Every structure is written in structure tokens, then in C-alpha cells.
Amino acid sequence: MPAVYITGANGFIAQHIIKILLEKGYTVIGTIRSKEKGEKLSKIINNPNFQYEIVPELNAPDAFHESLKKHQDIEYIVHSASPVTYTVNDPELDIIIPALKGTENILNGTLLLPKLKKFILTSSDSAIYSNIDERNNKFTFDESSWNNVAYEEGKKDPVGGYYVSKALGEKKAWKFLETHQNAFQLTTVCPSYVFGNQAFKVDPKNLNFSNSYVGDLLTAKNDQFENEIGGFIDVVDVAKAHVFAIENDSVIGKRLFLNNGKFSVQMILDIINKNFPQLNLIKGNVGSGQKDVEVLANVNNEFTKKLLPWQFTSLETSVINTVQQILDSK
Ligand code: NAP
């Protein structure tokens, strides 16, 4: 089976992509930042068709070149690695530069691969709207929308920095194709907040950024939680979309906007309390979720839904899967 090179292999979304690819018989080469992390991941994945390459830092010069040169048979690249956090000291140094330089590095690396067919980029809904416009219900966004937050604005705070990193990163990939028209076929995947269980094994103390909104509720002591709002999508739907893009030419040149509705953390809390009453968690402002999300912009991703031949997972199922796995790990 063909070889797929995936960056940030230990990431929440990447592990799900790897799991599906290995189940289908692909050979997978995943990049990871250290030998220690690589050995840990290989042990968890436990499949001879998976191997890792160490790429410690996305923005090191030609970060991916050495590892790509070793795998001349690569036919597909999934670029998923990017800083996903709002807790940094310097948004430009810690989020924007690694994201943009990393994307530039992997794009330049594609020129080393004679058999490369497709490049699938994990972008974000943050590339589609700004964090301000996302909370303006007068707006509607679809696959043709772009967040136009200026680089200088993104330097000012981590949230803006993340949004800038995703929009400019994705634009780099589309731009690269203008100058290197035959380098590969491109599909970008733009998910909203991603929830769901971990692909192989969960470490409840180190949940990825989006799932920490779920995990934190399990230990919250009072009703003072951050009631974040946004769009959501299940991690398996995100992983399936990447693999679909590898296998189906119908999504070449497309942006896939993965969103299955709106959430507030209060909604997540209500779902946990309904399905796991034995946990006796805090209650918050029960039933106020629909009101919480009224402020959010409208999403029209009918184009994406028509292209992908399956129904997206509900928030309830996604949250149940996340919580159940955490409970099972104890
Ligand atoms: P994750 O679990 O935090 O994984 C991110 C991966 O990127 C990890 O492998 C991480 O390595 C690597 N990475 C980060 N900064 C790096 C750097 N400077 N140098 C080298 N590697 C670096 O995040 P995720 O949720 O799976 O996200 C994966 C992709 O999906 C990202 O591109 C993100 O923007 C996008 N996305 C995520 C969500 C969401 O809600 N989770 C929503 C929309 C889009 P270490 O773990 O070793 O640091």
C-alpha cells in the first residue's frame, strides 16, 4: 500500500488519521519531536507499518528535508503539526512563526518527492473567520470565507495569533500551488473545535487543547468554569475527511469546512450530567446552552456535507466518548 507522511504524529487528530490509515493497510511515516515520544507512540500504535522520524522543531531550517529524503516512495502528505494553544508568552514567536515556517518547510520539502500525489493540510475554521467575526450572528460563513486578520494584530494576543497562524498557513499552501502547479493536488480540512476520544490511549492529565474543556469539567469544584462557545466536530469525522481526501479525487482543490453545529461548555456539562449522573459534577446554569450560542455567526457548510458521504457525529456522542474513555482509564 502507498506511503503517507504525517506531521505531528502524536497529536490528537493525527493519531486518529494514523489509526484509520493503518487499518486500511497504508504505510505511515509520522514526524515527532523526540525519540522518547516516538518510542512511546510506536508502542501504543503497535503496528509494523508505522515508523517515526524525529523533527524537533517546525521552524528549524529545512526541518523536514532529511526525513523526506529517506522516504522517496511517499505518495501522500498530511500536514497536521501546528502549535494549538492559547497559553504562550509571545504569540508571534510561539504560535505564528512555527506554524508559518513549518508549513513553508513541508511545502518546500514536497519538491524532494518524485512520487508525491496529494497534500492534505489540517487547517481550521480559524482560517475561515476571525475570532471577532465568529461571534457576530449577523455574518454567515462558508467554504469560500477567509479570516483576514492582519499579522500585526495576531502578534497582540494568543487567540488572534492562532487565528492568524491558521489563515496565513493555509494561504501559503494555496499560493505554493500557483508557483509549483504540478507539485501535488491539494485539499485543506478546516475543522471547528474538535472533541472525541483519543485514538489509542488517553492521558487525562494531558488532554489536547480542545478536549481540555471537557476534561476540566470532571474536576471543576465550582460553577466558575470558562463557558467557551464555538462550532464543533468529532475527531473521527475530521480524521475520516483527511483519509477521504487521500482516496477521492472529488475533493481535490477543495476546502472542507467541518462543523456539525454550535456548542457551549455549559451544553457539554449538561450532556455529562445527563449521561453520567453518578459523577455528581457541578451543574452551572442548566439548559442555558442554546442562549449561550445565539451570538455566534451562522455556518453554511452544505458544500462540504454534500462532498463527504457520511453523517457527522453529534456533540452528545462525542462528549460521551470523551468522558467514557477518561473514566475507563482510571
Ligand atoms: P495537538 O494534539 O496539540 O497536536 C499538535 C501537534 O503539533 C503535536 O504533535 C505537536 O507536538 C506538534 N507541534 C506543535 N508545535 C510544534 C513545533 N513548534 N514544532 C514541532 N511540532 C510541533 O493538536 P490537534 O488538536 O491534534 O491539532 C492538529 C491540527 O489540527 C493543528 O494544525 C490544529 O491547528 C488543527 N485544528 C485543531 C482543532 C482542535 O480543536 N483540536 C480544531 C481545528 C484545527 P508535541 O505534542 O510534541 O508538542
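Quick caveat: nothing in here was measured; it's all calculated off a predicted structure.

Conventions we followed
Every chain's residues receive numbers from 1 upward, in the order its sequence appears when written. The predicted nature of this model means local features are confined to residues of pLDDT at least 70 and side-chain atom pairs, given and counted, to a pLDDT of 80 or more, with totals for whole chains, interfaces and linings taken over all residues. Only hydrogens and water are set aside; all other atoms, that is, all heavy atoms of the structure, feed into the side-chain values. The salt bridge criterion pairs a side-chain nitrogen of Lys or Arg with a carboxyl oxygen of Asp or Glu, the two atoms within 4 Å. Secondary structure elements follow DSSP: runs of H or I no shorter than four residues count as helices, runs of E no shorter than two count as strands, and numbering proceeds from the N terminus. Throughout, exposure labels follow a simple rule: accessible area from a 1.4 Å probe, protein chains only, divided by the maximum for the residue type, with under 20% read as buried, over 50% as exposed, and the rest as partly exposed. Strands are treated as partners if at least two bridges between them are detected by DSSP. Between N-to-C directions, angles cover 0 to 180 degrees, with each direction set by a line fitted to C-alpha atoms, over the stretch in contact for helices. Note on definitions: a residue-residue contact is assigned when non-hydrogen atoms from the two residues lie within 4.5 Å. In what follows, roughly perpendicular refers to angles from 65 to 115 degrees, roughly parallel to angles under 35, roughly antiparallel to angles over 145, and oblique to any angle outside these ranges. Crossings are assigned a handedness: left-handed for a near helix turned anticlockwise from the far helix by less than a right angle, right-handed for a clockwise turn. UniProt positions are given in the numbering used here, feature names are shortened, and annotations may be inferred rather than shown by experiment.

Draft legend 1. Structural detail: the pattern of salt bridges. For the coordinates displayed, the defined rule picks out 16 salt bridges. Across the pair K118 and D249 runs a salt bridge, and its minimum N-O distance is 2.8 Å. Linking K118 in strand β5 (residues 118–122) with D249 in the loop between α8 (235–247) and β10 (255–258), this pair joins segments that are 131 residues apart in sequence. Since its relative accessible area comes to 55%, D249 is described here as exposed. One salt-bridge network, in which partners are shared between bridges, spans K101, E104 and K172.

Draft legend 2. Region of interest: the sheet that holds strand β3 (residues 50–54). The seven strands are arranged β3-β2-β1-β4-β5-β7-β10 in an open sheet whose pairing can be described as parallel. Both edges of this open sheet fall to β3 and β10, since each of them pairs with a single strand only. Strand-to-strand twist of the sheet, defined as the mean angle between neighbouring strand axes without regard to direction, takes the value 20°. Pairing analysis gives four bridges linking strand β1 (residues 3–6) to strand β4 (residues 74–79), with the strands arranged parallel. Note that in β4 the partner of A3 across the bridge is I74. Each of β5, β7 (185–191) and β10 touches helix α6 (residues 158–179); the most contacted strand, β7, lies at about 165° to it.

Draft legend 3. View of the pairing of β7. Among the seven residues that make up β7, six are buried, leaving the element largely enclosed by the rest of the structure. Pairing geometry for β5 and β7, over five bridges, is parallel. Note on β7: the bridge partner recorded for I120 is T187. Sheet topology places β7 next to β10; four bridges connect them, and they run parallel. Each bridged residue has a counterpart across the sheet, and for C190 the counterpart in β10 is F257.

Draft legend 4. Examining the packing of helix α1 (residues 12–23) against α8 more closely. Two numbers describe how α1 lies on α8: the axes approach to 9 Å, and their chain directions differ by 55°. Here α1 is positioned oblique relative to α8, judged by the angle of their axes. In this structure, α1 crosses over α8, and the sense of that crossing is right-handed. Between α1 and α8, the contacting residues are F12, I13, H16, I17, I20 and L21 on the first element and V235, V236, V238, A239, K240, H242, V243 and I246 on the second.

Draft legend 5. Examining the UniProt feature "domain: NAD-dependent epimerase/dehydratase" (unreviewed entry) in the protein chain more closely. Mapped onto the present numbering, the UniProt feature "domain: NAD-dependent epimerase/dehydratase" (unreviewed entry) falls at residues 4–249. With 37% helix and 17% strand, residues 4–249 has its two end C-alpha atoms placed 16 Å apart.

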